[in-house]
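Residue-level structure breakdown
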Amino acid sequence: MILTDVTLAEAGPDGFALTGDAAIAIEGGRIAFAGPAADLPPGGQRRSMGGRLVTAGLIDCHTHLVFGGDRAREFDMRLNGASYEEIARAGGGILSTVRATRAADEGALLAAALRRADHLIAEGVTTVEIKSGYGLDLETELRMLRVARRIGQERPLRIVTTWLAAHALPPEYRDDRAGYIDHVVIAGMEAAHAEGLVDAVDGFCEGIAFSPEEMERIFDRAAALGLPVKLHAEQLSDLGGAAMAARHGAISADHLEWLGADGIAAMAGAGTVAVLLPGAFYALRETRMPPVQGLRDAGVPIALATDCNPGTSPLTSILLAMNMGATLFRLTPAECLAGVTANAARALGLSDRGRIAPGMLADLAVWDIAHPAELAYRIGYNPLHARIIGGDLA
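Residues numbered from 1 in each chain as written. Predicted model: local features only at pLDDT ≥ 70, side-chain atom pairs only at ≥ 80, totals over all residues. Heavy atoms only, no water.

To continue, consider the domain arrangement of the chain. Splitting the chain by domain gives domain 1 (2-56 + 355-393) and domain 2 (58-348). Taken together, the 27 residues of domain 1 in the interface contact 22 residues of domain 2. Both sides of the domain 1 and domain 2 interface together cover about 1800 Å² of buried area, and 67% of this is carbon and sulfur. For the domain 1 face of the interface with domain 2, the top three residues by lost area are Leu-375, Ala-376 and Arg-387, together amounting to 31%. Here domain 1 is connected to domain 2 by 1 salt bridge. The residue Arg-158 makes a salt bridge to Asp-363 at a minimum N-O spacing of 2.6 Å. Put simply, domain 1 and domain 2 have 7 residue pairs in polar contact (both at pLDDT 80 or more) between them. Broken down by secondary-structure element, the contributors of at least two residues to the side of domain 1 that touches domain 2 are strand S1 (2-12), strand S2 (15-27), strand S4 (46-56), strand S13 (364-367), helix H15 (374-377) and strand S14 (384-389). (Domains from an automatic or database assignment. Contact = heavy atoms within 4.5 Å. Buried area = accessible area lost by both parts, 1.4 Å probe. Salt bridge = Lys/Arg side-chain N within 4 Å of Asp/Glu carboxyl O. Polar contact = N/O pair within 3.5 Å; in protein donor to acceptor, adjacent residues only side chain to side chain. Helix = DSSP H or I, 4+ residues; strand = E, 2+ residues; numbered from the N terminus.)

Pasting the structure below:
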């Protein structure tokens, strides 16, 4: 298939790169040609896009899409002054979702997750990362990843899975942190790897979760299995998690509101992507912004994601995440587009998507807009005309 009469839009270091009067040729699910239509070889079945703007398919590189229940009541608690830590220490937060997720069977988890996935698909998302982390026992953590894999079978969507058993400490292991890491986090990681369920390993490094030293044990085992690592780091305090993750070659460190200069330097040296999550910043009404200028100055790639989860970012709109990245974190519209395409792919360790170039997967989004800045500018508006995955309209 050849898409003609399009404007190609990509985000570069100096803003947007636009190619008008362009064409994209697709062969075997990959891009064979992308550039001025005048340079396109003759022949082939052509389909006009009516002058519309085309970007790479969008990538949501940090989600918790599979879970049971909801946490609307905790939303009310936060509005009445309860902090994230207060809710968590009272048995709410992650642990309330753990109870609901353990009680849900695979069919119920899948049905709920598909509804969320459909919202992302409708906004041009072609790849989604999905984490475990709401089971905190072997059976439920594995069930979550099986559901995540099934989403990719039920929908035209590429799924990347992440083992996040190091998300919180369940009540049954309250007095045995080391035992939980050994018998659930590491043992479950090995089981998920053996079953082909896991693509990367993550953890929540925070005072209410796991220490850098505990995460190092987990990362060492992940490395032995050949699994890349990433980390929820510096969201509520600076424990040095991002620097530790960078020492382990982490593909990303995520949240980063409290990231300091040492962490920035470590990430820059390791090529670790900064994944910013404005939905959680917004929902928690945080006031400390991630050090965006410091990341820019150090050349750390910046990605954006929804962080879709039931408690701190009940967000299923990648376009709203882009707008929040611009309005809350002062990213440029070009940085927002790069954050959900090329840099999001990099945050997942993927080199075959996120750009419009020969050899890349033919995952594309076609938009009814005049300029790519509109993707971050508009609020509550979806200008998607068509979504293409592997060269097929979907």
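Let's pick the thread back up.
So, on to the environment of Val-147. Inspection of the secondary structure puts Val-147 in helix H5 (residues 138-154). Sequence separation between Val-147 and Ala-113 is 34 residues, and the spatial gap between their C-alpha atoms is 8.3 Å. The residues contacting Val-147, other than those within four sequence positions of it, are Val-66, Glu-106, Leu-109 and Leu-110.

So, on to the sheet that holds S13. The 7 strands are arranged S3-S2-S1-S4-S13-S14-S15 in an open sheet whose pairing can be described as mixed. Of all strands in the sheet, those bounded by a partner on one side alone are strand S3 (30-36) and strand S15 (392-393). Bridge analysis of S13 against S14 gives 4 bridges, and the strand direction is antiparallel. Bridge assignment links Trp-367 to a residue of S14, and that residue is Leu-384. (Pairing = 2+ DSSP bridges.)

For the rest of this paragraph, the subject is the pattern of salt bridges. Scanning the entire structure with this criterion turns up 20 salt bridges. Arg-71 is the salt-bridge partner of Glu-74, the closest N and O atoms lying 2.8 Å from each other. In this pair, the class of Glu-74 matches that of Arg-71, namely buried. Taking the shortest distance from any N to any O, the salt bridge between Arg-296 and Glu-335 comes out at 2.7 Å. In this pair, Arg-296 is assigned in helix H11 (residues 292-298) and Glu-335 in helix H13 (residues 333-339), connecting sequence segments 39 residues apart. Its relative accessible area of 21% is what places Glu-335 among the partly exposed residues. (Buried < 20%, exposed > 50% of the residue type's maximum accessible area, 1.4 Å probe, protein only.)

Let us now look at the UniProt feature "binding site: Fe(3+)" (unreviewed entry) in the chain. Per the UniProt record, "binding site: Fe(3+)" (unreviewed entry) is annotated on His-62, His-64, His-232 and Asp-307. In terms of the greatest pairwise C-alpha distance, the residues named above, spread along 246 residues, form a tight cluster of at most 12.3 Å across. Position of His-232 relative to the elements: it lies in strand S9 (residues 230-233). Overall, the relative accessible area of 4% leaves His-232 in the buried class. When sequence neighbours within four positions are dropped, the list of residues in contact with His-232 reads His-62, His-64, Lys-131, Leu-164, Asp-202, Gly-203, Phe-204, Cys-205, Asp-254 and His-255. Within the structure, His-232 has its side chain in polar contact with the side chain of Asp-202 (distance 3.1 Å). (UniProt positions renumbered as here; feature names shortened; annotations may be inferred.)

Next up on the list: the side chain of Glu-129. By the secondary structure assignment, Glu-129 is in strand S6 (residues 125-131). Residue classification places Glu-129 among the buried residues on the basis of a relative accessible area of 0%. There is a polar contact of 2.6 Å between the side chain of Glu-129 and the side chain of Lys-131. Separated by 2.7 Å, the side chains of Glu-129 and Thr-162 make a polar contact.

The next subject is the UniProt feature "binding site: N-formimidoyl-L-glutamate" (unreviewed entry) in the chain. As annotated in UniProt, the feature "binding site: N-formimidoyl-L-glutamate" (unreviewed entry) corresponds to Tyr-134, Asn-309 and Gly-311 in the numbering used here. In summary, the annotated positions, though distributed over 178 residues, converge in three dimensions, the widest C-alpha pair being only 11.4 Å. One can find Tyr-134 in the loop between S6 and H5. You can call Tyr-134 buried: its relative accessible area is 2%. Mapped onto the secondary structure, Gly-311 falls in the loop between strand S12 (302-304) and helix H12 (318-329). Residue contacts for Gly-311: discarding those within four places in its chain leaves Arg-71 and Arg-78.

On to unusual backbone geometry, then. Backbone geometry places Glu-234, a non-glycine residue, at a positive phi of 55°. As for its position among the elements, Glu-234 is in the loop between S9 and helix H8 (241-247). Owing to a relative accessible area of 1%, Glu-234 belongs among the buried residues under this scheme.

Our next topic: helix H6 (residues 177-194). With 18 residues, H6 should reach 26 Å at 1.5 Å per residue; the first-to-last C-alpha distance of 24 Å fits that figure. Approximately 25° is the largest bend angle found in H6, and it occurs at Ala-187. Along H6, the residues classified as buried are Gly-179, Tyr-180, Ile-181, Val-184, Val-185, Ile-186, Gly-188, Met-189 and Ala-192. Here the buried face of H6 lies against H5, strand S7 (158-166), strand S8 (200-205) and helix H7 (212-224). (Expected span 1.5 Å × (residues − 1). Bend = angle between axes of the 7 residues up to and from the residue.)

Two cysteines joined by a covalent bond between their sulfur atoms form a disulfide. Counting across every chain of the model gives 0 disulfides. Between Cys-61, a free cysteine, and Cys-336, which holds the nearest cysteine sulfur, the sulfur-to-sulfur gap is 13 Å. On the accessibility criterion, Cys-61 (2% relative accessible area) is buried. The thiol of Cys-308 is unpaired, and the distance to the nearest cysteine sulfur, on Cys-61, comes to 13 Å. Residue Cys-308 is classed as buried on the basis of its relative accessible area of 3%. (Disulfide = S-S within 2.5 Å.)

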